[in-house]
Amino acid sequence: MAAPNIEHRMATGLQASGRTLTGYAAVFNADTRVGDFIERIAPGAFIRSLESGRDVLALADHDPKTVLGRTSSGTLALSEDSHGLAFTLTLPDTTAGRDLAALAARGDLGGMSFGFVPADEVWTGDTRELREVELHEVTVVQSWPAYPQTSVALRMKQARTPARMWLETCK
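What you are looking at is a predicted structure, and each value in this text was computed from that prediction instead of being measured. (Residues numbered from 1 in each chain as written. Predicted model: local features only at pLDDT ≥ 70, side-chain atom pairs only at ≥ 80, totals over all residues. Heavy atoms only, no water.)

Asker: Any details on the pairing of strand β11 (residues 127-141)? Residues and values, ideally.
Answerer: Two faces belong to every sheet, and in a regular strand the side chains alternate between them. Burial analysis of β11 places twelve of its 15 residues in the buried class, the great majority of the element. Note that strand β5 (residues 37-41) and β11 share four bridges and pair parallel. Bridge pairing in β11 places I41 opposite L130. As defined by bridge partners, strand β6 (residues 57-60) adjoins β11 across four bridges and the pair is classed as parallel. (Buried < 20%, exposed > 50% of the residue type's maximum accessible area, 1.4 Å probe, protein only. Helix = DSSP H or I, 4+ residues; strand = E, 2+ residues; numbered from the N terminus. Pairing = 2+ DSSP bridges.)

So this is what it looks like as structure tokens:
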């Protein structure tokens, strides 16, 4: 079975307390430039994916070898509210988990990201609105996010082709 063409989007703002990170992996109605187009996420874009019971992973920098948590084990909780895709992640007692907790406590993390496959999108000129996505992962980003409105904190497009795209942008 072939892997889906997953797109990634990043954003900033993390909160940390102990070994728990909280914040928003995505926010609604916030425009960001993705290559040659503008993208925004519509409210409700994550509902069907969250209700499906899909096992969504929490990763570090989109690396599938660095699993930090998952919804099926209860170490990652996701919900959609009026602001966006909220998350709570209990970090593991691993090198990656300890490193991320230390970086979050210092305020050094770049933000959050999410990996998805678009299920319903509408184009108006050069603006793409994501109305429904198939969510595969949320990611703690150590560098620069695409959506600067996202947040992460510690508590104690793909272009218009189906090719997979890794998006890295500067603030």
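On we go from here.
Asker: Describe helix α2 (residues 95-106), naming the residues involved and giving the relevant values.
Answerer: The end-to-end C-alpha distance of α2, which contains twelve residues, comes to 17 Å, matching closely the 16 Å that a straight helix rising 1.5 Å per residue would cover. Regarding α2, the residues found buried are G97, L100, A101 and A104. Burial along α2 is one-sided: seen end-on, the buried residues are contained in an arc of 105°. Facing away from the buried side of α2, by more than 90 degrees, are the exposed residues T95 and R106. In the stretch just after α2, G107 is the one whose phi turns positive, near 80°. (Expected span 1.5 Å × (residues − 1). Arc of directions from axis to C-beta.)

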